Amino acid sequence: MRKFLFRLFQLGFFFFISIIVGLTLIALSTNWTLKIEQKTLGHQTHWGSSWERISEFEIWVNQKSSKPRGLIIGSSTAYRNINPHILDQTTDLNWFNYASSGQPPIISLQLLKHAFSKDKFDYILLDIYEPVTQLDGLESAHDLIYNSTLDWWNKTKLVCSYPQGKLWLRYFYFFIKQLVASKPHIILDPKNGTYLKKGFVCSNQPSISQWNKKQTNKALNRFASLSEIDALCKTNGAKLILNISPSLEHKYILQENFKEYSIISNDEFNNPDWFYDSHHMTCEGANLYSHRLSSKFKAKIK
C-alpha cells in the first residue's frame, strides 16, 4: 500500500511539473508568436477594465484622505452606471468604484474583506442587479485572476473556490508570465468604453432610444452573502446601503426580509435614451443617474 501511494505521489508530482513546464513554454513562445497563447489559454482582455481598476485601487486605498471614504461594489451595472467623480462632488465623500464584471455578492464579500484590511470606509454602497445575485462567481473569478493585478493571496482564495481546470491553468499561467521573459498582450475592444479613473467606465455606445418591451414586476429575494456583507461592514464601522440598479425589463419588488436594510430604489430611472441595453447606461445616462443617486444617498445618511 505504501509503495502504491508513493507511486501515485510520483505520478501526481510529474504531472504537475509537466503542466508548469508546458505553461512556461507557452509564456516563452509569446516572444515569437501569440498564436500558441491564443489557441490555449487565450489572451488577457480589456473588457471590464479590471487591470486598471484593481491597480488604481491599491494606490487610492493607501493614500491619506481628508474626506470620509465611500466604496462602491457590485457588477457592471455599478462600474458602468455609477460615476464616483460625481459622487465625490455632490456628497463630500471620497469614492472609489470597486465593482467588476459579473461580480456576485460572494465575490463582493471577498473584495470587501481585502479592502477593509487596507483601510477604514465610512460607507459601502452595494449595487444590486438581480440576475447577478444568482451567479456562482465563476465569470468574476476568471476576470479577477487572469485580467487583474489582484494580489496573489486573494487570487489563490478565488481559485480554490472553483474546481475548474481552465481557471487553475490561468491562475498558474498568470504568475508564470510574471517570472519568465514573455510578451504581454491584452485584447482591446473599443466597445468596452473609456476608463475614467476611480473604477468608472464611461460607455460610449449609442442609446437604444426605442424599447418595446413592457416593464414587468419581479421579486428580489434576499441572497446568501448579504448577512455576511452586513456583518463585515458593522464590524469595521461602515454603513451599508443597498442600491437597486434600474432595469428597463423589470421593476424589482423587495421581499419582507430586506426591511432591516437601508435601500435606495431607482425604478423611475427608465428612459431608454439613457441606456444602451436593458440595464447598462450610456455616458450621459450614467452621469444623470449618478446625480440622482447622490441626492438619494444624501437623504439616506441625514
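Per chain, the residues get numbers from 1 upward, laid out in the order the sequence is written. Local features in this predicted model are restricted to residues of pLDDT 70 or higher, and side-chain atom pairs are both shown and tallied only at a pLDDT of 80 or more, whereas totals for entire chains, interfaces and linings draw on every residue. As a convention, hydrogens and water are excluded, and side-chain values are obtained from all of the structure's heavy atoms.

Let us now look at empty space enclosed by the protein. The rule is simple: put a 1 Å grid over the protein atoms alone, call a set of points where a 1.4 Å probe fits but cannot get out a cavity, call an open set with protein on both sides within 12 Å along at least five of seven lines a pocket, and count a residue as lining if it has an atom within 4 Å of a point. Grid points are joined across faces, edges and corners, and a volume is the space filled by probe spheres set on the points. Across all of its chains, the model carries one cavity of 30 Å³ or more by this definition. By volume, the largest cavity amounts to about 70 Å³. What lines the largest cavity is a set of 13 residues, and nearest its centre among them are Gln103, Pro105, Asp127, Ile128 and Val132. When contributions to the lining of the largest cavity are tallied by element, the ones reaching two or more residues are helix H6 (105-118), strand E4 (123-128) and helix H7 (130-133). The helix count covers DSSP runs of H or I at least four residues long, the strand count covers runs of E at least two residues long, and both are numbered beginning at the N terminus. At three residues, E4 tops the list of elements feeding residues into the lining of the largest cavity. Broken down by class, the residue content of the lining of the largest cavity amounts to seven nonpolar, five polar and one charged. Ten residue types, Ala, Val, Leu, Ile, Met, Phe, Trp, Tyr, Cys and Pro, are classed as nonpolar, four, Asp, Glu, Lys and Arg, as charged, and the remainder, Gly among them, as polar.

In summary, the pairing rule links any two rings of Phe, Tyr or Trp, Trp by its six-membered ring, whose centres are within 6.5 Å, and it sorts them by plane angle into stacked for under 30 degrees, edge-to-face for over 60 and tilted for everything else. Going through the model one piece at a time under the given rule, you end up with 20 aromatic pairs. Both rings, one in Trp168 and one in Phe172, keep their centres 6.2 Å apart while their planes meet at 40°; by these two values the pair is tilted. Taken together, the residues span about one helical turn, with Trp168 and Phe172 both in helix H10 (residues 165-179) at a distance of four residues. Taking the relative accessible area as the measure of exposure, Phe172 reaches 24% and is therefore partly exposed. Each member of the aromatic cluster is reached from another via a ring pair, and the members are Phe16, Trp51, Trp168, Tyr171, Phe172, Phe174 and Phe175. Throughout this description, the term charge over a ring refers to an Arg CZ or Lys NZ atom that lies within 6 Å of the ring centre and within 35 degrees of the ring normal. Over the aromatic face of Phe175 sits the side chain of Lys155, whose NZ or CZ is 5.7 Å from the ring centroid. Buried residues are those whose accessible area, probed at 1.4 Å on protein chains only, stays under 20% of the maximum for their type, while exposed residues exceed 50% and partly exposed ones sit between those limits.

Moving on to a nonpolar patch on the surface. A surface patch of nonpolar side chains, amounting to about 610 Å² of accessible area, comprises Phe16, Ile17, Val21, Leu25, Leu28 and Trp32. Among the secondary structure elements, Trp32 is positioned in the loop between helix H1 (2-29) and helix H2 (35-39). Assessed through its relative accessible area of 72%, Trp32 is described here as exposed. Exposure above 30% relative accessible area and no salt bridge define the residues that can form patches, which grow by joining like charges within 9 Å and nonpolar side chains of Val, Leu, Ile, Met, Phe, Trp and Tyr within 5 Å. The protein chains shown are the only cover counted for residues, whose accessible areas, like all others here, come from Shrake-Rupley with a 1.4 Å probe. For this document, the term salt bridge refers to a Lys or Arg side-chain nitrogen within 4 Å of an Asp or Glu carboxyl oxygen.

Moving on: unusual backbone geometry. The phi angle at Ser49 is positive, at roughly 55°, despite the residue not being glycine. Along the chain, the position of Ser49 falls in the loop between strand E1 (44-45) and helix H3 (50-60). Despite not being glycine, Lys197 shows a phi value in the positive range, around 75°. Looking at the secondary structure, you find Lys197 in the loop between strand E6 (194-195) and strand E7 (201-202).

As a further point, take the pattern of salt bridges. For the structure on display, the rule yields 12 salt bridges. Asp92 is the partner of Lys67 in a salt bridge, and the nearest nitrogen-oxygen pair spans 3.6 Å. On the criterion of sequence distance, the pair formed by Lys67 in the loop between H3 and strand E2 (69-73) and Asp92 in the loop between helix H5 (84-91) and strand E3 (94-97) is long-range, its members being 25 residues apart. The residue Lys120 makes a salt bridge to Asp122 at a minimum N-O spacing of 3.1 Å. Look at Lys120 and you get partly exposed, because its relative accessible area is 47%. The partly exposed category is assigned to Asp122, whose relative accessible area is 25%. Residues joined in a network through salt bridges with shared partners are Glu268, Arg292 and Lys296.

Now for the layout of surface pockets. Size it by volume and the largest pocket reaches roughly 200 Å³. Around the largest pocket, the lining is made up of 16 residues, and of these Ser76, Ser101, Gly102, Glu139 and His280 lie nearest the centre. If you list the elements that add at least two residues to the lining of the largest pocket, you get helix H4 (76-79) and H7. Looking at the lining of the largest pocket, the element that brings in the most residues is H4, giving three residues. Of the residues contributing to the lining of the largest pocket, the split by class is seven nonpolar, seven polar and two charged.

Note on pairing: DSSP must find at least two bridges between two strands before they are called paired. Here five strands make up an open sheet; going across it, the order is E3-E2-E4-E9-E11 and the pairing parallel. Looking at strand neighbours, the two that pair on one side only are E3 and strand E11 (262-264), the edges of this open sheet. Within this sheet the neighbouring strands show an average axis-to-axis angle of 25°, counted without direction. Note: E2 against E4, four bridges, orientation parallel. Note on E4: the bridge partner recorded for Ile73 is Leu126. In this description, a line fitted to the C-alpha atoms serves as the axis of each element, helices being fitted only across the stretch in contact, and the angle between N-to-C directions of two axes falls anywhere from 0 to 180 degrees.

Structural measurements only, silent on function.
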